[in-house]
Amino acid sequence: MSVVISRNFATAFCQNFLGNAPIWYKLLIVLFLISNPIMFSIDPFIAGWMLILEFIFTLAMSLTCYPLQPGGLLALEAVAIGMTTPDHVFHEINQNIEVILLLMFMVAGIHFVRDLLLFVFSKVIIGIRSKVLCSLIFCASGAFLSAFLDALTVLAVFIAICVGFYRIYHKVISQSDTNSPDDAEVYEPSRADLNKFRAYLRSILMHAAVGTALGGVCTIVGEPQNLIIGARAGWRFGEFFLRMMPVSIPCLIFGLAACFVVEKFKLFGYGTDMPDSVRQILKKTVDENNEKLKDGDIAKLVVQSLCCLWLIVGLAWHLAAVGIIGLTVIILATSFCGVISENKIGKAFTESLPFCALLCVFFSIIGVIADQKLFAPIIDWVFSFQDSSVRTGMLFAANGILSMVSDNVFVGSLYVNETFTAFTQGMIDRDHFDMLAIAINAGTNLPSVATPNGQAAFLFLLTSGLSPLIRLSYTRMMWMALPYTIILCIISFITVIWFVPDATEWMYEHQWLIHHAPLSK
């Protein structure tokens, strides 16, 4: 009897482990957990790279199992066997507290202005029938907004818009309002149009996501690593924009051109138009909702408009940390729109808090990278080149490759600190340091669109509740980002090596820029 009970308990324990994930996935995670300590005792460097690849695998399988659990187990084990320390994990989290606050409060803040966003963007999505034009608008909007706002905030806005439209359509064609990824409750005649609508939403979201990278590289406030690089180089807003302009403007032009081409010729999963039946349902629903607007609803839209205006002003002028501004949006929007129930407020945080936990796990992996010096050979290799143009190109390439597999904020801060150390030690002069800083900024911002690992905004999109609804997996994101990756890597590399030096020299001659003083001996 006891043997039967023991077997039943063991079976139940195995079934509970990682829930409904496939058996092969559970066994593979167990294999990772067994092999990592063994490899760490043999060669810590190889074990560290194994851990990175395993964590990337959990991200790639995010639609099978949310990465927090398997990735968290790998991170816990890494700390337990000494690949990093709890203090270093806390240090990495503390270093990125602004990103965590942004996720906690800014994403929730966007939730409370979603009615306004739907009201505005419904005019764009429903009113503009040309998919190419709509895609260009989303890409350009993402670029413009992320030049002044945080990319994750901008992408959270677009996610909220797409979730709203998906819910409207799904509610009409299904037997329930659960928004389940399973199509079992969707009426059979509507399933083909639903899949086309999913493809439509996937494409405009990916255009917007890439747009945030195109705009984020332009200014010192576009991405967190831009602030770090600008601070090390002593560049203010205007100088940062001018120094990056020889890279950012050509990349923006070619990025928009790539958007046009993939949509026009239906490449890489793009080009799917919104079905007429979907457009009619959305238009009918939106028109009905607009006709039902009462004075109270209009007042809420006005309040949300003012909150969005405050959001843009506060972020553009850096009046407070991004997360704190998001908290003010929550307070203002809920206070003046009458949202005072804890349950209604709590729903706004259900999207962001799981990702906050996942991001903390990600910072644990960053701690392993730092403690095991996994990038050190690459850094040493880059600085072994004596020719300045070759060194600049190799630094760009190294930043680009590492930003595809690791957090671009970590990679950018690591390389700019190493480059600044080389400058202070007299290994390079000030003008060459400025060239290298441009290469680091371009390398961490643009090639990182290749995978969701490089940018928190892309990772947030992948792990959002919208991704399973529109069938946006890790591999599909990589496939849809591929044309942008190829174009942006080629154009940014060419401009960094051949265009930036001449353009910078021209700006020196015309006094748009001034030479920074070298370090005093």
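A brief look at the structure comes next. Sequence order as written defines residue numbering, which begins from 1 separately in each chain. Only residues with pLDDT of 70 or above have their local features reported here, since the model is predicted, and side-chain atom pairs are shown and tallied only from 80 upward, although totals for entire chains, interfaces and linings are computed over all residues. Excluded from the side-chain calculation are hydrogens and water; included are all heavy atoms of the structure.

On to the side chain of Thr451. Helix and strand definitions follow DSSP, with helices as H or I runs of at least four residues and strands as E runs of at least two, each counted in order from the N terminus. Inspection of the secondary structure assignment puts Thr451 in the loop between α21 (430-445) and α22 (456-463). Residue classification places Thr451 among the buried positions, given a relative accessible area of 9%. One polar contact links the side chain of Thr451 to the main-chain carbonyl oxygen of Met404, over a distance of 2.3 Å. In what follows, residue pairs with any heavy atoms lying within 4.5 Å of each other are defined as contacts. Beyond its immediate chain neighbours, meaning those up to four positions away, Thr451 contacts Met404, Phe458, Tyr474 and Met478. Working definition: with a 1.4 Å probe on protein chains only, accessible area under 20% of the residue-type maximum means buried, over 50% means exposed, and in between means partly exposed. Polar contacts, as used here, are pairs of N or O atoms within 3.5 Å; protein pairs need one atom able to donate a hydrogen and one able to accept it. Residues neighboring in sequence count only if both atoms are side-chain atoms.

The salt bridge criterion pairs a side-chain nitrogen of Lys or Arg with a carboxyl oxygen of Asp or Glu, the two atoms within 4 Å. Tallied over the full model, the rule gives 6 salt bridges. Salt-bridge contacts for Lys283 lead to Asp287; the nearest nitrogen and oxygen are separated by 3.0 Å. Here the residue Lys283 and the residue Asp287 both occupy positions in helix α13 (residues 276-291), the gap between them amounting to 4 residues, near one helical turn. What makes Lys283 partly exposed here is its relative accessible area of 43%. Overlapping salt bridges bring together Glu239, Arg243, Arg430 and Asp434 as one network.

Three- or four-residue spacings in an α-helix give side chains the same orientation, since the helix completes a turn every 3.6 residues. Here a helix's expected span is defined as the number of its residues, less one, multiplied by 1.5 Å. Counted at 1.5 Å a residue, the expected span for helix α3 (residues 44-60) with its 17 residues is 24 Å, and the 24 Å between its end C-alpha atoms agrees. Of the surrounding secondary structure, the elements contacted by the buried residues of α3 are α2 (23-42), α4 (68-80), α17 (352-371), α19 (388-405), α22 and α24 (474-509). N-cap assignment for α3: the residue whose side-chain oxygen lies 3.0 Å from the backbone N of Phe45 is Asp43.

Across its 18 residues, α19 extends 26 Å between first and last C-alpha, which sits within 8% of the 26 Å expected from 1.5 Å per residue. Among the residues making up α19, those that are buried are Arg391, Thr392, Gly393, Leu395, Phe396, Ala398, Asn399, Gly400, Leu402 and Ser403. Looking at the buried side of α19, the elements it contacts are α3, α18 (376-382), α20 (408-424), α21 and α24.

Okay, a negative patch on the surface next. Patches draw on residues past 30% relative accessible area with no salt bridge. Two like charges within 9 Å are joined, as are two nonpolar side chains (Val, Leu, Ile, Met, Phe, Trp, Tyr) within 5 Å. Here, Shrake-Rupley sampling with a 1.4 Å probe gives the accessible areas, and only protein chains in the shown set may cover a residue. Positive charges come from Lys and Arg alone, negative charges from Asp and Glu alone, with His and the N- and C-terminal ends not counted. Working definition for charges: the position is that of NZ of Lys, CZ of Arg, CG of Asp or CD of Glu. Negative charge collects at one region of the surface, where Asp429, Asp431, Asp502, Glu505 and Glu509 lie side by side. Looking at the negative patch element by element, the count peaks at 3 residues for α24. Within the element layout of this structure, Asp431 appears in helix α21. Since its relative accessible area comes to 30%, Asp431 is described here as partly exposed.

Residue position: Asp380 is located in helix α18. Spatially, the C-alpha atoms of Asp380 and Glu418 are 9.8 Å apart, while their sequence positions differ by 38 residues.

Let us now look at the packing of helix α9 (residues 151-173) against α13. Here α9 crosses α13 at 105°, and the two axes come no closer than 10 Å. The angle between α9 and α13 falls in the class roughly perpendicular. Of the residues in α13, those touching α9 at Phe165, Ile168, Tyr169, Val172 and Ile173 are Ser277, Val278, Ile281, Leu282 and Thr285. Classes in brief: Ala, Val, Leu, Ile, Met, Phe, Trp, Tyr, Cys and Pro nonpolar; Asp, Glu, Lys and Arg charged; the others, Gly included, polar. Residue composition of the contact of α9 with α13, by class: 8 nonpolar, 2 polar and no charged. Only the stretch in contact is used when a helix axis is fitted, and all axes are lines through C-alpha atoms; the angle between N-to-C directions ranges over 0 to 180 degrees. In this scheme, roughly parallel covers angles under 35 degrees and roughly antiparallel covers those over 145, while 65 to 115 is roughly perpendicular and the rest are oblique.

Another point: the nonpolar core. Most often, soluble globular proteins have nonpolar side chains that are buried together. Definition used in this section: a nonpolar core is a set of buried Ala, Val, Leu, Ile, Met, Phe, Trp, Tyr and Cys residues joined via side-chain atoms within 4.5 Å. Residues Phe138, Phe197, Val247, Leu282 and Leu461 are the most contacted members of the largest nonpolar core, which totals 164 residues. Per element, the largest residue contribution to this core is 17 residues, and it comes from α9. Setting aside anything within four residues of it in sequence, one finds Phe138 in contact with Phe121, Val124, Ile125, Phe158, Ile204 and Ala208.

These figures come from the coordinates and say nothing about function on their own.
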